[in-house]
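# Coordinate analysis (summary)
Next come the chains, spelled out residue by residue.
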Amino acid sequence: MLDPQQFDVRIQIVAIAGAVALMVIAVELVRRRRLGEVYSIIWLILGSVVTILALFRNVQEIVAKWVGVYYPPSLIFGTLIFLQLGVTLYLSVALTRLETRNQILTQRLALLEHHVFRLHKCENGQDNS
Amino acid sequence: MPDTRTLVILPAWNEAENLPPLLDELRRRYPQYDVLVVNDGSSDCTSQVAQAWGVQVVELPYNLGIGGAEQTGFMYAQHYGYDVAVRLDADGQHPPEEVEALVHALLDSRADVIIGSRFLEVEGFRSSWLRRIGIRWLALLGTMLTRQRITDSTSGFRAYRRGAFEFLARFNPQDYPEPESVVLLARNDFYVKEVPIMMRERWVGQSSIRGIRTAYYMVKVTLALLIAALREPVRQRLAEPDRPKTVQGGK
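This report concerns the structure included in the present document. (Residues numbered from 1 in each chain as written. Chains lettered and ligands numbered in written order. Predicted model: local features only at pLDDT ≥ 70, side-chain atom pairs only at ≥ 80, totals over all residues. Heavy atoms only, no water.)

## Section: the nonpolar core
In a soluble, globular protein the nonpolar side chains are often hidden away together inside. Residue and element names in this part refer to chain B. Membership of the largest hydrophobic core comes to 32 residues, with the highest contact counts inside it found for Leu10, Leu19, Val37, Leu88, Val99 and Ile114. The set of elements that each furnish at least two residues to this core consists of strand 1 (6–12), helix 1 (19–29), strand 2 (34–39), helix 2 (46–52), strand 4 (84–87) and helix 4 (99–108). Sequence-distant contacts of Val37, defined by excluding residues within four places in its chain, comprise Leu10, Ala12, Leu19, Leu23, Thr46, Ala50, Val55, Gln56, Val57 and Val58. Core analysis: the next-biggest nonpolar cluster, separate from the first, contains 27 residues, Tyr76, Phe171, Leu185 and Phe190 among them. (Core = buried A, V, L, I, M, F, W, Y, C linked by side-chain atoms within 4.5 Å. Buried < 20%, exposed > 50% of the residue type's maximum accessible area, 1.4 Å probe, protein only. Helix = DSSP H or I, 4+ residues; strand = E, 2+ residues; numbered from the N terminus. Contact = heavy atoms within 4.5 Å.)

Right, dumping it as structure tokens:
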């Protein structure tokens, strides 16, 4: 017969292992300059929260009761999803900023090329305006 | 030794009021140094003021922050082949008369970077006790991570040799450049030394770090420093033609 206790322990181990692996990968990526430090903090926080929740069953139960979740372990999934939404939102913000800056660069580049072109034509004796 | 070409880098964000006295003093004391103002997307007339004073200006298309602005200065110094780069705050906190002390300390020693420290001698700096504790903590952390004696890692008053600013032109940290770059430079085998200086009060405007936010700032910087210390050292150091070879032939 399936033993509920066994499943609880296993999901704990899986969750913790996953969270720790994620944190280790995040730190390593920052070390190799592939990931900006800002983003590593996000992943470290995410990993820590999941680890703490998975590790301490009583914390799970207290928070689950408080938030209104019936089955404590699904708090881990709920937390993960919620934090993921936060990450996605933050990425949208970062993306917006990049798009804005990209546009500025594009426009200034176009103007710069125009200036150079005009300068070039001036030098070659083809005066205009 | 041929004349060393020195560039004074002034990253500036809305410092139109603080620049004139600073540029005036720099011109009077050090007519032989070139000055570069990096306009970090200012909304005031910082750029026009600098141009009126006859110094070189680089206009950043938008605000990058201090890390990006000073890095632009390092890139400029590299491009135009300077031997020494001195970095000063544009708000007047870094007294121009001390620039000479920094440059001499750099050229007279084998150091790659000289930091003007407020804490090597007593009373170099007046500010809230909380800020002082924070600065001392970061210095302690810097000392532990770099194994060199650091007393003021948040001071932006620095002089760099060519190899050092060429390295920073590529790898300058962007989040908390002052303390992070100390760790980064030391971990990449640059020799960092300190020289005592006194700083002045900020003339006009507000410092970007205030009050209770100091504590929060300290936590973030500590984390950034720890991560910076973990970074993989860049394998080959950039070529430095001016550096004397060591007798033992190592490195």
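## Topic: the packing of helix 5 (residues 129–146) of chain B against helix 8 (residues 213–230) of chain B
Residues and elements named next belong to chain B. Two numbers describe how helix 5 lies on helix 8: the axes approach to 10 Å, and their chain directions differ by 10°. Here helix 5 lies roughly parallel to helix 8, going by the angle between them. Each of Leu130, Arg131, Gly134, Ile135, Trp137, Leu138, Leu141 and Leu145 in helix 5 lies in contact with helix 8, whose residues at this interface are Thr214, Met218, Val221, Thr222, Leu225, Leu226 and Ala229. (Axes fitted to C-alpha atoms, helices over the stretch in contact; angles between N-to-C directions. Parallel < 35°, antiparallel > 145°, perpendicular 65-115°, else oblique.)

## With respect to the environment of Val63(A)
All names here are of chain A. With respect to the helices, strands and loops of the structure, Val63 is situated in helix 3 (residues 57–67). A relative accessible area of 27% places Val63 in the partly exposed class. In the structure, Val63 is positioned ten residues away from Leu53 in sequence and 9.0 Å away in space, judged by C-alpha atoms.

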